[in-house]
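Examining the three-dimensional arrangement
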Amino acid sequence: SQELEQSPQSLIVQEGKNLTINCTSSKTLYGLYWYKQKYGEGLIFLMMLQKGGEEKSHEKITAKLDEKKQQSSLHITASQPSHAGIYLCGAVYYGGSQGNLIFGKGTKLSVKP
Amino acid sequence: DSGVTQTPKHLITATGQRVTLRCSPRSGDLSVYWYQQSLDQGLQFLIQYYNGEERAKGNILERFSAQQFPDLHSELNLSSLELGDSALYFCASSVSGNPFWNSPLHFGNGTRLTVT
């Protein structure tokens, strides 16, 4: 089974609305990365979280890692068309192979003007 | 622009053939990673090199091989290509060899491989 689950798989929101994307791990994370990908393009690094309870913000995007380090959420405030794309979480696990980021399958976000 | 350069952008080839994908990491980055992205499997880690040495191996097929050269650029060689190898291949680079050390991966724009 998939170690890292993202929900929802896809999301359509009206411009200006807030939204949340979740990333849930079946085991404790060492750290978690969030990336954004535009269709057919490379991944853009957004944020990295490592401590339980940690929260980071960049412009209108806030990411949190829960205290147990098994779930992360990405929250976008007042969404804009420029936020559209695929959001991927990538996990680093304790004892995992170095360099081996495990990615979720992504959440496809569409923002209607 | 991530600073990671991948060539070519697109590649169309026939089954049974061999291709080479090239990656130039960001200036100063010592680690190079290769990932395969397909619709059904998502983003899958293939292999990592750090300063010329293989550091970690993921779901890389025996038909695939990679290397990192002294100037730190990397090549991914795919041989005996099958239809199922059609995918987007990404290269990423980072400063350290270990993402545990707060060293995010920066991705190139990928090479889209189509096997016909």
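Residues numbered from 1 in each chain as written. Chains lettered and ligands numbered in written order. Predicted model: local features only at pLDDT ≥ 70, side-chain atom pairs only at ≥ 80, totals over all residues. Heavy atoms only, no water.

Re the state of the cysteines
Disulfides are covalent bonds that connect the sulfur atoms of two cysteines. Taken as a whole, this structure holds two disulfides over all chains when the rule is applied. The disulfide bridge from Cys-23 of chain A ends at Cys-89 of chain A, spanning 2.0 Å between sulfur atoms. On the sign convention where negative is left-handed, the bridge of Cys-23 of chain A and Cys-89 of chain A, at about 80 degrees about the S-S bond, is right-handed. Taken together, the residues Cys-23 of chain A in strand β3 (residues 19-25) and Cys-89 of chain A in strand β9 (residues 85-93) connect sequence positions 66 residues apart. Cys-23 of chain A sits in the buried class, given a relative accessible area of 2%. One disulfide in the model links Cys-23 of chain B with Cys-91 of chain B; its S-S distance is 1.8 Å. One disulfide, between Cys-23 of chain B and Cys-91 of chain B, carries an S-S torsion of -50 degrees and so falls in the left-handed class. Here the residue Cys-23 of chain B occupies a position in strand β3 (residues 19-24), and Cys-91 of chain B occupies one in strand β9 (residues 87-94), the gap between them amounting to 68 residues. Accessibility classification places Cys-23 of chain B together with Cys-91 of chain B in one group, the buried group. (Disulfide = S-S within 2.5 Å. Helix = DSSP H or I, 4+ residues; strand = E, 2+ residues; numbered from the N terminus. Buried < 20%, exposed > 50% of the residue type's maximum accessible area, 1.4 Å probe, protein only.)

Quick look at the environment of Lys-36 of chain A
Residue and element names in this part refer to chain A. Residue position: Lys-36 is located in strand β4 (residues 29-37). Here Lys-36 falls in the buried class, since its relative accessible area comes to 12%. Sequence separation between Lys-36 and His-83 is 47 residues; the distance between their C-alpha atoms is 8.9 Å. In this structure Lys-36 touches Gly-42, Leu-43, Ile-44, Leu-46, Ser-82, His-83, Ala-84, Gly-85, Ile-86 and Tyr-87, once residues within four positions along its chain are discounted. A polar contact of 2.5 Å, which involves the side chain of Lys-36, links it to the backbone oxygen of Ser-82. (Contact = heavy atoms within 4.5 Å. Polar contact = N/O pair within 3.5 Å; in protein donor to acceptor, adjacent residues only side chain to side chain.)

A short note on the sheet that holds strand β7 (residues 64-68) of chain B
Residues and elements named next belong to chain B. Spatial ordering of the open sheet is given by β1-β3-β8-β7, a layout of four strands whose pairing is antiparallel. Each edge of the open sheet carries a strand with a single partner, namely β1 (5-7) and β7. Averaged over all pairs of adjacent strands, the angle between strand axes in this sheet comes to 15 degrees, irrespective of strand direction. In this sheet, strand β8 (residues 74-78) lies alongside β3 in antiparallel orientation, the contact comprising five bridges. In the sheet register, Cys-23 faces β8, and the bridge partner there is Ser-74. (Pairing = 2+ DSSP bridges. Axes fitted to C-alpha atoms, helices over the stretch in contact; angles between N-to-C directions.)

With respect to the pairing of strand β5 (residues 43-49) of chain A
Residues and elements named next belong to chain A. For β5, the tally of buried residues reaches five of seven residues, placing the bulk of the element in the interior. Summarising the sheet, β4 and β5 pair through six bridges and their orientation is antiparallel. Bridging across to β5, Gln-37 finds its partner in Leu-43. The antiparallel hairpin formed by β4 and β5 contains five residues in its connecting segment, where Gly-40 sits at a positive phi of about 75 degrees.

Structural notes on the pattern of salt bridges
Here the idea is simple: oppositely charged side chains can pair when their charged atoms come close. Evaluated as defined, the whole model comprises six salt bridges over all chains. One salt bridge connects Glu-55 of chain A with Lys-64 of chain A, and the closest N-O pair in it is separated by 3.9 Å. Residue Glu-55 of chain A is classed as partly exposed on the basis of its relative accessible area, which comes to 46%. In this structure, the salt-bridge partner of Glu-82 of chain B is Arg-63 of chain B, at a minimum N-O distance of 3.7 Å. Taken as a pair, Glu-82 of chain B in the loop between β8 and β9 and Arg-63 of chain B in the loop between β6 (53-57) and β7 lie far apart in primary sequence, 19 residues in all. What makes Glu-82 of chain B partly exposed here is its relative accessible area of 42%. Counted as one network, the salt bridges with shared partners bring together Arg-63, Glu-82 and Asp-85 of chain B. (Salt bridge = Lys/Arg side-chain N within 4 Å of Asp/Glu carboxyl O.)

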